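# A closer look at the structure
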Amino acid sequence: MKRTTAMLADGREIIYFDHDDAPPRERHDPRPLDEVSTASQMRHDPVLGEWVMLASHRQHRTYQPPADECPLCPSRGGRHTEIPASDYDVVVFENRFPSLSTHASGGVATDLPPLVESAPAVGRCEVVCFTSDHEAAFATLKPEHARLVVEAWADRTARLSELPGVAQVFCFENRGAAIGVTLAHPHGQIYAYPFVTPRTRQMLDNAAAHAKRTGRNLFADVLAGERASGDRVVAASARWTAFVPAAARWPVEVHVYPHRHVPDLPALTDDERDDFVHLYLNVLGRLDALYDQPLPFVAAWHQAPSGPGRELGYLHLQITSIQRAADKLKYLAGSEAAMGAFITDILPEDVAQRLRDLPPR
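The following paragraphs examine the structure supplied in this document. (Residues numbered from 1 in each chain as written. Predicted model: local features only at pLDDT ≥ 70, side-chain atom pairs only at ≥ 80, totals over all residues. Heavy atoms only, no water.)

## Concerning the overall build of the protein chain
If you tally the helices and strands in the protein chain, you get six helices and 16 strands. In terms of C-alpha radius of gyration, the protein chain reaches 21 Å, essentially the compact-globule figure of 21 Å for 361 residues. For the protein chain, buried positions account for 51% of its 361 residues. Restricting the contact set of the protein chain to residue pairs at least 6 apart, pairs at least 24 apart contribute 66%. Surface exposure of the protein chain reaches about 16800 Å², of which carbon and sulfur atoms provide 52%. The protein chain carries 37 positive and 47 negative side-chain charges, and their two centres are separated by 3 Å. (Helix = DSSP H or I, 4+ residues; strand = E, 2+ residues; numbered from the N terminus. Rg over C-alpha atoms; globule rule 2.2 N^0.38 Å. Buried < 20%, exposed > 50% of the residue type's maximum accessible area, 1.4 Å probe, protein only. Contact = heavy atoms within 4.5 Å. Areas by Shrake-Rupley, 256 points an atom, 1.4 Å probe, with all protein chains shown as cover. Lys, Arg positive; Asp, Glu negative; His and termini not counted. Charge placed at Lys NZ, Arg CZ, Asp CG, Glu CD.)

Here is the structure:
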């Protein structure tokens, strides 16, 4: 793998991840760009004990441009985009409209209630372009190219975890207009948070209680139980298993676990990375075949935080979709939106069986 770093015109970092035989990439960005906003702040909700990020400048981010104006395509024919090169394999760059910034200066609010803390939203938000092909998707990548994306995820997780103040790194992909994706180009994002997210904190609290009670890792026991049952297993390989969780909240939900307990992506071996790619492409093919159309989803990597609780974390990928039928979406109703108590219309075992019976696209 070739790794090339450069700076965009407004000072943001861009990193090319290329196959060894790729040509040198253009490093100069000729665009006249305004400075990136550093006004991001965060406020602490004392009732829920959670940080909320505020970034009003994101209201002006690029929204569903036509394909010939896509900012994630290479720069060609005199049109300059976020990627100065005329071609690329995989590229990562700092988001121009970040929720978190290493230069964040917002957060000083004088009119807040006494119980509400505020602070600059210091961290980093990055965009990961999976391929230069605007019409592609992760599911259509060749295994060797998908493996390059895994290398980019692992590289960025390791490097972002070293930044001062970063507590957790989150790699994810939002796919499909139904999910709210604003750019159609195949891409994902990476957030480096200055706090441990509420979902991770809840999982680690439960893992700590399970370890105290049993002496075992909660995630490893969940995986062992699903593998032993087999009723909800969608696909498996020598080193990974994909299954629909027994208490799935979403109409389509698949978790992908490595068989070995590792905290994050950088900890995976080469064999585990290779094996994941083949299994993940298999699963994505089945998901797209479920309704014979590209499935909108969120694919979220759960990684251990860099501080307390890291030994309890267990790397896994969670894929969730709001598509409950070919022509119907699940919207959060009162119980889900207000109380966080989910109601699902589809049995996890039925979803798993349907996915097992489908040939990958």
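## Re the sheet that holds strand β6 (residues 118–120)
Strand order in the open sheet formed by three strands is β4-β3-β6, with antiparallel pairing between adjacent strands. Strands at the two margins of the open sheet, each flanked by one partner only, are β4 (50–54) and β6. Looking at each pair of strands side by side, their axes are set apart by 30° on average, direction ignored. Inspection of the sheet shows strand β3 (residues 41–45) paired to β6 by three bridges, in the antiparallel sense. Bridging from a neighbouring strand, Gln41 pairs with Pro120 of β6. (Pairing = 2+ DSSP bridges. Axes fitted to C-alpha atoms, helices over the stretch in contact; angles between N-to-C directions.)

## Here's the deal with the environment of Leu163
Tracing the backbone through its elements, the reader meets Leu163 in the loop between α1 (143–161) and β8 (168–175). In this structure Leu163 touches Thr102 and Arg124, once residues within four positions along its chain are discounted.

## Quick word on the pairing of strand β10 (residues 233–236)
As judged from the three bridges shared by β10 and strand β11 (residues 240–243), these two strands associate in the antiparallel manner. Its bridge partner being in β11, Ala236 is matched across the sheet by Thr241. Linking β10 back to β11 in an antiparallel pair, the connection comprises three residues.

## Some thoughts on the sheet that holds strand β14 (residues 316–321)
Pairing in this open sheet of 11 strands is antiparallel, and the strands run β1-β2-β5-β7-β9-β8-β13-β14-β12-β11-β10 from one edge to the other. The sheet is open, and its two edges are formed by β1 (2–7) and β10, each paired on a single side. In this sheet, adjacent strand axes meet at a mean angle of 20° when their direction is disregarded. In the packing of helix α3 (residues 218–229) onto the sheet, the strands contacted are β10, β11, β12 (252–258) and β14, and the crossing angle to β11 comes to about 75°.

## Side note on unusual backbone geometry
With a phi close to 45°, Gln64 is a non-glycine residue in the positive phi region. Looking at where Gln64 falls in the secondary structure, it is placed in the loop between β4 and β5 (90–94). Non-glycine residue Asp292 carries a positive phi angle of around 55°. Structurally, Asp292 is set in the loop between α4 (270–290) and β13 (297–302).

## Brief notes about the packing of aromatic side chains
A full pass over the atoms with the stated rule returns 18 aromatic pairs. Ring geometry for Phe130 against Phe138: centres 5.1 Å apart, planes inclined by 80°, an arrangement best described as edge-to-face. Exposure class is identical for Phe130 and Phe138. Each is buried. Taking the centre distance of 5.4 Å and the plane angle of 40° together, the rings of Phe243 and Tyr257 count as tilted. Within this pair, whereas Phe243 is found in strand β11, its partner Tyr257 is found in strand β12, the two being separated by 14 residues in sequence. The exposure class assigned to Phe243 is buried, which follows from its relative accessible area of 1%. A residue is classified by how much of its surface remains accessible, and Tyr257, at 4% relative accessible area, is buried. Following the ring pairs from residue to residue traces out a cluster consisting of Phe130, Phe138, Trp153, Trp240, Phe276, Tyr280 and Trp301. (Phe/Tyr/Trp six-rings, centres within 6.5 Å; stacked < 30°, edge-to-face > 60°.)

## Some remarks on the pattern of salt bridges
Counting across every chain of the model gives 28 salt bridges. Its salt-bridge partner being Arg96, residue Asp10 comes within 2.5 Å of it at the nearest N-O pair. Here Arg96 lies in the loop between β5 and β6 and Asp10 lies in the loop between β1 and β2 (13–18), a separation of 86 residues in the sequence. With respect to class, Asp10 is no different from Arg96; both count as buried. Measuring nitrogen to oxygen at the nearest pair gives 3.6 Å for the salt bridge that ties Asp87 to Arg76. On the criterion of sequence distance, the pair formed by Asp87 in the loop between β4 and β5 and Arg76 in the loop between β4 and β5 is long-range, its members being 11 residues apart. Each of Arg3, Glu13, Glu94, Arg124, Glu126, Asp155, Arg156 and Arg159 takes part in a single network of salt bridges with overlapping partners. (Salt bridge = Lys/Arg side-chain N within 4 Å of Asp/Glu carboxyl O.)

These values are about where atoms sit, not about what they do.
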